[in-house]
Amino acid sequence: MDAVLRAIRDGKESQVVGHIAREAPEGKLLEKWAARLKNAEFQFVDITAGLSDLFAAKDGTEIINVKKAAYLASSVMKNVVVPKLEKAIDEERDVTHSLLMRLTEKAILDPTKAGVKLKPECVDICYPPIFQSGGKFDLKPSAVSNDDLLAYDPGSIIICGVGARYNSYCSNIARTYLVDATNLQSKAYEVLLKAHEAAINAMRPGRKLSSVYQAALSVVEKEAPELVDKLTKSAGTGIGLEFRESGLNINARNDKVLRPQMAFNVSLGFQNMECESKKKTFSLFLADTVIVKEEDPEILTGKCSKLVTDAELARRKNEETVRRLAGDGSSGSTAKTSADSVDQKKEAVLLPIYGGIVSFHVSTIRRVSNQQDSIRIIFSVPGTTLKNQGAIYLKEVSFRSKDSKRSSEVVQAIKTLRRQVKARESERMERGTLVNQEKLQLAGNKFRPLRLSGLWIRPQFSGRKRVPGALEAHANGFRYSTTRPNERVDVLFANIKHAFLQPAEKEMLTILHFHLHNHIMVGNKKTKDVQFCVEVMDAVRSLGGGGRRSSSSSAYEYDPDEIHEEQRERDRKNKINVDFNHFATRVSALEFEQPLRELGFSGVTDKARVFIVPTSSCLVMLTEAPFLVVSLRLQERFLKINAIDTTSLEGIKKWLDAIDIKYYESKANLIDSEPEESDQGYEPPDAEDESESEDEDSESESEDQEEEEEDY
């Protein structure tokens, strides 16, 4: 360093040194160099603008990289973002901005999801994809996708931004989508589109950047002067290795001259406009990646249309629906199915009454059955006290069908839909009783969260086929997620009452278990205990009944394949235990307790015999559901454990004495008295209700059993 400094001085007392002012040194070497440079008493000049100007015009290789990045960004917008928005609107799904952000980011990092053949190791995001709707808009690249639901009611505006890199070179595309747009929204979008195109067409060699912004401004002044003050003060920036290249801002004051092979992110928008009702504001935004050419500029992200007709998502989907319902289908099939009578999207049953089709929500149906060639539907009706005295209530309808198979299909479809709606309503009521908790603060891009992969969660998500997921430790809690977008659980540190780490020893599982203060939802299940585990060995082998081990012991002792397999399983178990222990010790916000196996004992707590193990503050049984977690301090209820082995009693009593816990023992059987059940107030159901109820219970049990069998 001294030699470099002497060379810079070149025998002079003072010397002018150029540097990049805004870039702070990173690492000990550069920090030491910066300190020596500062003490050298040179005259420093910021050369950021000069370097930016030098690198503004791209060479052939750089142009190819920018083009590939732009092709990826526009393909993700067209083939991933737009279809997901259309599906959410068409199926009226509850989808959050943050979920759309995560799905879009995955598509950028795995280009095949967008139908693009680019090397995954060469691609990256410029920024987390941006999704905004519902009246809250931020047109800066630093905007984030919040956890609010996507708004798609009439008059909604959806702004989407996607930035992709290829070999570190950036690109950007942003689109605004209208849902049943008002006249004001449609007019404003048309003006913005004209202004954006005017700015792009003004990008010619020899022109100043200020003239590009002026071209856009002139369109707004002519077409809609009342919107001038809503126009963004910038029409974009230069783009390349940096998402925003310094000194190349497209605004009214920048007089830098355009040169061929310059790359720009041309972005323009209207901010905070009032709707006709003046109850809500909306914004509009468009962005494209553009290369300056000798003649016409080249729009690299033009693959994804921004025409008014393509921006109105709901109108386009409505036209498709009208054609489908009018029978203007391409299949030409006239065969009727249960879908003709059951509307899954609206959760309604369509019944022919007096020559017309009348829809009944499935929640109004009390019971449905079929007998040979007839369908019978009984509705839920109010009792003797009617809220609306003038209303007419339909109690029952019956239909005959020549096709008994079709009538069975319709009845089954109605029953299935009823179960789905009842399950959803039950889950909604369960969620209504939950205690509100703070939001999970994600680790962000600077700090990678601690992560354990290949874990199973218990209780498990609903569904026939389970998939493993990953557990991540963030700033204020854990997040478990699988590859399925709706399978995600957040467990906050503040809600964890006890945390346990149970390494696999004699069991098949290594377990992280959290006993919570307040209930959370795992899928559609409400729980105070949530567990993450990994199977450390083959289930059949661990039970001791499979493979060569069941043969004579002498044959087993000299079987090298069997010995190798045993060693492989031990290595796998040890590695998993080490990984779990490493994860637990690095989560500084929690102290994980480990079961003291040498003090464990067998007993009956819930009509089943289990192995119960103490920890430093609890008695636990974590290997199978229902889990047992009982705090040994501040215990508000008695815990009764039956059928304890007599050989374990003395050790248990000594342990309880050592930790100062009160217990009771008696030669007589300690049996709790339970109140006798009374028949008072019981009203027997009619035979048909009872039969129907039994059928549905049997049906439900059968389906649950099928799910369990397929899961395991």
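Residues numbered from 1 in each chain as written. Predicted model: local features only at pLDDT ≥ 70, side-chain atom pairs only at ≥ 80, totals over all residues. Heavy atoms only, no water.

### With respect to helix H2 (residues 28-39)
- Along its 12 residues, H2 runs 17 Å from first to last C-alpha, staying within 8% of the 16 Å computed at 1.5 Å per residue.
- Directly beyond the C-terminal end of H2, a positive phi value near 60° is found at Glu 41. (Helix = DSSP H or I, 4+ residues; strand = E, 2+ residues; numbered from the N terminus. Expected span 1.5 Å × (residues − 1).)

### A word on the packing of aromatic side chains
- All chains considered together, the criterion is met by 9 aromatic pairs.
- Summarising the aromatic geometry, the rings of Phe 360 and Phe 379 are spaced 4.9 Å apart at their centres and angled 40° between planes, so their arrangement reads as tilted. In this pair, Phe 360 sits in strand S14 (residues 356-361) while Phe 379 sits in strand S16 (residues 374-379), placing the two residues 19 residues apart along the sequence.
- Grouped by ring-pair contacts, the aromatic residues Phe 461, Phe 478, Tyr 480, Phe 493, Phe 514, Phe 532, Phe 583 and Phe 592 constitute a single cluster.
- In this structure, Arg 466 packs its charged tip against the face of Trp 456, placed 4.3 Å from the ring centre. (Phe/Tyr/Trp six-rings, centres within 6.5 Å; stacked < 30°, edge-to-face > 60°. Lys NZ or Arg CZ within 6 Å of the ring centre and 35° of its normal.)

### Comments concerning the pattern of salt bridges
- By the definition in use, this model includes 26 salt bridges.
- We note a salt bridge from Glu 565 to Arg 568, for which the minimum N-O separation is 2.8 Å. Residue Glu 565 and its partner Arg 568 are located together in helix H13 (residues 560-586), separated by 3 residues, close to a single helical turn.
- Each of the salt bridges in this network shares a partner with another, and the network as a whole consists of Glu 347, Arg 424, Glu 425 and Arg 428. (Salt bridge = Lys/Arg side-chain N within 4 Å of Asp/Glu carboxyl O.)

### A look at the packing of helix H4 (residues 60-90) against helix H5 (residues 97-109)
- Viewed as axis vectors pointing N to C, H4 and H5 meet at an angle of 140°, and their least axial separation amounts to 10 Å. Note that H4 runs across H5; the crossing there is right-handed. Where H4 approaches H5, its residues Leu 72, Val 76, Val 80, Val 81, Lys 84 and Leu 85 are matched on the opposing element by Leu 100, Leu 103, Thr 104, Ala 107 and Ile 108.
- Residue classes in the contact of H4 with H5 are distributed as 9 nonpolar, 1 polar and 1 charged. (Axes fitted to C-alpha atoms, helices over the stretch in contact; angles between N-to-C directions. Left-handed = near helix turned anticlockwise from the far one by under 90°. Contact = heavy atoms within 4.5 Å. Nonpolar A, V, L, I, M, F, W, Y, C, P; charged D, E, K, R; others polar.)

### A short note on the nonpolar core
- Membership of the largest hydrophobic core comes to 49 residues, with the highest contact counts inside it found for Tyr 189, Met 203, Ile 250, Leu 258, Phe 264, Phe 270 and Leu 284.
- When near neighbours in sequence (up to four residues on either side) are disregarded, Leu 258 contacts Ala 202, Met 203, Arg 204, Pro 205, Gly 206, Arg 207, Leu 209, Val 212, Phe 264 and Val 292.
- One finds Leu 72, Val 95, Tyr 152 and Cys 304 within the second-largest nonpolar core, a separate group that totals 36 residues. (Core = buried A, V, L, I, M, F, W, Y, C linked by side-chain atoms within 4.5 Å. Buried < 20%, exposed > 50% of the residue type's maximum accessible area, 1.4 Å probe, protein only.)

### Observations regarding a positive patch on the surface
- Side chains of Lys 84, Lys 87, Lys 106 and Lys 113 sit close together on the surface and give a patch of like positive charge.
- Counting through the fold element by element, Lys 84 comes out in helix H4. (Patch = residues over 30% accessible without salt bridge, like charges linked within 9 Å, V, L, I, M, F, W, Y side chains within 5 Å. Areas by Shrake-Rupley, 256 points an atom, 1.4 Å probe, with all protein chains shown as cover. Lys, Arg positive; Asp, Glu negative; His and termini not counted. Charge placed at Lys NZ, Arg CZ, Asp CG, Glu CD.)

### Considering the sheet that holds strand S13 (residues 348-353)
- Taking strand neighbours across the sheet as the criterion, the 3 strands line up as S12-S13-S14 in an open arrangement whose pairing is antiparallel. Two strands close off the open sheet at either side, each with one partner strand: strand S12 (342-343) and S14.
- Across 6 bridges, S13 lies against S14 in antiparallel orientation. Paired with Leu 351 across the bridge in S14 is Val 358. (Pairing = 2+ DSSP bridges.)

### Things to note about the pairing of strand S27 (residues 609-614)
- By the bridge criterion, 4 bridges tie strand S26 (residues 601-604) to S27 in an arrangement that is antiparallel. Of the residues in S27, the one forming a bridge with Gly 603 is Val 610.
- Between S26 and S27, which pair antiparallel and follow one another directly, the connecting turn spans 4 residues, one of which, Lys 607, has a positive phi of 65°.
- Summarising the sheet, S27 and strand S28 (residues 618-621) pair through 2 bridges and their orientation is antiparallel. Across the sheet, Pro 614 pairs through a bridge with Leu 619, a residue of S28.
- The antiparallel pairing of S27 with S28 creates a hairpin that spans 3 residues between the two strands.

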